[in-house]
Amino acid sequence: MRAILLGPPGAGKGTQAETIVKEFSIPHISTGDIFRQNIKEGTVLGKKAKEYMDQGLLVPDELTVELVKDRLLKDDCENGFLLDGFPRTIFQADALESALESMNQKLDYVINIIVKKELLVERAVGRRICKDCGQTFHISFNKPSKEGICDNCGGELLQRKDDAEETVTKRINVYQEQTEPLIDYYTKKGIIVNIDGEKPIAEVGKEIVAKMRNK
Ligand code: AP5
Ligand code: ZN
């Protein structure tokens, strides 16, 4: 299974990725997570990416594409992968297509999670992430049992710097301008699967898995 999760900030890509990768035993490749890990480790890539991420802008294509190409060459991607947050521009989508072609591979699905703008802002602003294990929660929609504490590992829950309301709005605008054209791009290729992302988390997950199993 080779699939992409497409959708605006806060649509639920990371949340649903957890279910999909378990169900199909494939690696979860999130460019956002890779950049955040690099920022945490203070790498050169992390320093460059941070300048853009803090402003709600996309990291330049030339930094992003090479990173993903290298990741797809790793052994664990042999039988498939789930890309989350990549591609985000037509340039990235074309680069992915050529990279897969050179490996004699092709995409099975592009899961497009649809959620209206007002809800996206509420979801992103209320998101909290465990600083130790990375588990995601929401202050209203996916509450931890104890406020501010991770159910998984007891770690502290923090807000992402780019989840401040102003930056979230900027990220949504950037998505509309630079990433939304990919819906048309993949619809023309006949591999898009549209999913109503406004339903509860478990229902959205079931719908995605059912549609992916149906091919
Ligand atoms: P990235 O980390 O990819 O962020 P994003 O695309 O903006 O997506 P989010 O992580 O905000 O949202 P999500 O859809 O995963 O939602 P989640 O499941 O957490 O990218 C961050 C930055 O990195 C970018 O701005 C850019 O700078 C850079 N970057 C990354 N990739 C790049 C690329 N390819 N090119 C260039 N730059 C790149 O859910 C959100 C909240 O809602 C959670 O609290 C969750 O609990 C809750 N929730 C989820 N589903 C539901 C539901 N069904 N009902 C109720 N609540 C729900
Ligand atoms: Zn944790």
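Predicted model only: the values in this text are computed from it and were never measured. Think of each chain on its own: its residues are numbered from 1, step by step along the sequence as written. Each chain takes a letter, starting from A, and each ligand takes a number, starting from 1, following the order in which they are written. With the structure being a predicted model, the display of local features is reserved for residues of pLDDT at least 70 and the display and counting of side-chain atom pairs for 80 or more, all residues being used for whole-chain, interface and lining totals. Hydrogens and water are ignored here; the side-chain numbers use all heavy atoms of the structure.

A. How the structure looks around the sheet that holds strand β5 (residues 127-130). At least two bridges found by DSSP between two strands is the condition for calling them paired. In this text, helices come from DSSP runs of H or I with a minimum length of four residues, and strands from runs of E with a minimum of two, each type numbered from the N-terminal end. What the 3 strands build is an open sheet, ordered β6-β5-β7; its pairing is antiparallel. Bordering the open sheet on either side are β6 (136-138) and β7 (157-158), each of which pairs with just one other strand. Here β5 runs beside β7; their pairing, made up of 2 bridges, is antiparallel. By the bridge assignment for β7, Ile-129 is matched with Leu-158. Sheet strands touched by helix α6 (residues 117-125): β5 and β6. Its angle to β5, the strand with the most contacts, is close to 35°. Every residue pair with non-hydrogen atoms within 4.5 Å of one another is taken to be in contact. Every axis in this analysis is a line fitted to C-alpha atoms, fitted for helices over the stretch in contact. Angles between the N-to-C directions lie between 0 and 180 degrees.

B. Inspection of the pattern of salt bridges at higher detail. A carboxyl oxygen of Asp or Glu within 4 Å of a side-chain nitrogen of Lys or Arg is what we treat as a salt bridge. Overall, the coordinates contain 16 salt bridges when judged by the stated rule. A salt bridge links Asp-163 to Arg-171; its shortest N-O distance comes to 2.9 Å. Note on Asp-163: relative accessible area 0%, which makes it buried. Accessibility here uses a 1.4 Å probe with only protein chains present; expressed as a share of the type maximum, an area under 20% marks a residue as buried, one over 50% as exposed, and anything in between as partly exposed. By relative accessible area, which is 10% here, Arg-171 ends up buried. Connected via shared salt-bridge partners are Arg-127, Arg-160, Asp-162, Asp-163 and Arg-171.

C. The packing of helix α4 (residues 61-72) against helix α5 (residues 90-102), seen in detail. Relative to each other, α4 and α5 sit at 25°, their axes nearing to 10 Å. In terms of axis orientation, α4 runs roughly parallel to α5. Considering the relative orientation of α4 and α5, their crossing is right-handed. Facing α4, whose interface residues are Asp-61, Thr-64, Val-65, Lys-69 and Leu-72, α5 presents Phe-91, Gln-92, Ala-95, Leu-96, Ala-99 and Leu-100. Reported orientations rely on four angle classes, namely roughly parallel under 35 degrees, roughly antiparallel over 145, roughly perpendicular from 65 to 115, and oblique for the rest. In this scheme the handedness of a crossing depends on how the near helix is turned from the far one: anticlockwise by less than a right angle means left-handed, clockwise means right-handed.

D. Layout of the site of ligand 1. In this text, near means that some heavy atom of the residue lies within 4 Å of the molecule or strand in question. Taken together, 35 residues lie near ligand 1, and Thr-15, Leu-57, Arg-88, Arg-127 and Arg-171 sit nearest. In protein, a polar contact requires one atom able to donate a hydrogen and another able to accept it; more generally it is a pair of N or O atoms within 3.5 Å, and residues adjacent in sequence count only if both atoms are side-chain atoms. Thr-15 places a side-chain nitrogen or oxygen 2.5 Å from an oxygen atom of ligand 1. Within the backbone of Lys-199, a nitrogen or oxygen atom sits 2.8 Å from a nitrogen atom of ligand 1. Throughout, the Shrake-Rupley method with a 1.4 Å probe supplies accessible areas, and for residues the shown protein chains are the sole cover considered. Burial of ligand 1 by the surrounding chains reaches 96%, relative to a free accessible area of 1000 Å². Residue classes follow a fixed rule: Ala, Val, Leu, Ile, Met, Phe, Trp, Tyr, Cys and Pro count as nonpolar, while Asp, Glu, Lys and Arg count as charged, and any other residue, Gly among them, counts as polar. Of the residues belonging to the shell around ligand 1, the class tally is 13 nonpolar, 13 polar and 9 charged.

E. Focus on the packing of α5 against helix α8 (residues 181-188). For the pair α5 and α8, the least separation of the axes is 10 Å and the interaxial angle reads 35°. Facing Ile-90, Ala-93, Asp-94, Leu-96 and Glu-97 of α5, the residues of α8 in contact are Pro-181, Leu-182, Tyr-185 and Tyr-186. Each residue belonging to the contact of α5 with α8 can be placed in one class, and the counts come to 7 nonpolar, no polar and 2 charged.

F. The arrangement of the layout of surface pockets in detail. Put plainly, a pocket is an open set of points on a 1 Å grid over the protein atoms alone with protein on both sides within 12 Å along at least five of seven lines, a cavity is a set where a 1.4 Å probe fits but cannot get out, and a lining residue has an atom within 4 Å of a point. Grid points are joined across faces, edges and corners, and a volume is the space filled by probe spheres set on the points. Taken as a whole, the second largest pocket spans an internal volume of roughly 190 Å³. In terms of lining, the second largest pocket is formed by Ala-93, Leu-96, Glu-97, Leu-100, Glu-101, Gln-105, Lys-106, Leu-107, Tyr-185, Tyr-186, Lys-189 and Ile-191. Among the elements of the structure, α5 and α8 are those that each provide at least two residues to the lining of the second largest pocket. Sort the elements by how many residues they give to the lining of the second largest pocket and α5 lands first, with 5 residues. Looking at the lining of the second largest pocket residue by residue, the class counts come to 7 nonpolar, 1 polar and 4 charged.

G. Region of interest: unusual backbone geometry. Here the residue pair Phe-86 and Pro-87 is connected by a cis peptide bond, since its omega of -5° sits within 30 degrees of zero. Relative to the helices and strands, Pro-87 is located in the loop between β3 (81-84) and α5. Not every positive phi belongs to a glycine, and Ser-25 is a case in point at roughly 50°. Mapping Ser-25 onto the fold places it in the loop between α1 (13-24) and β2 (28-30). In the Ramachandran plot, Asn-104 falls in the positive-phi region, its phi being about 60° despite a non-glycine side chain. When you line up the elements, Asn-104 lands in the loop between α5 and β4 (109-114). On the basis of relative accessibility, which here comes to 75%, the residue Asn-104 falls in the exposed class.

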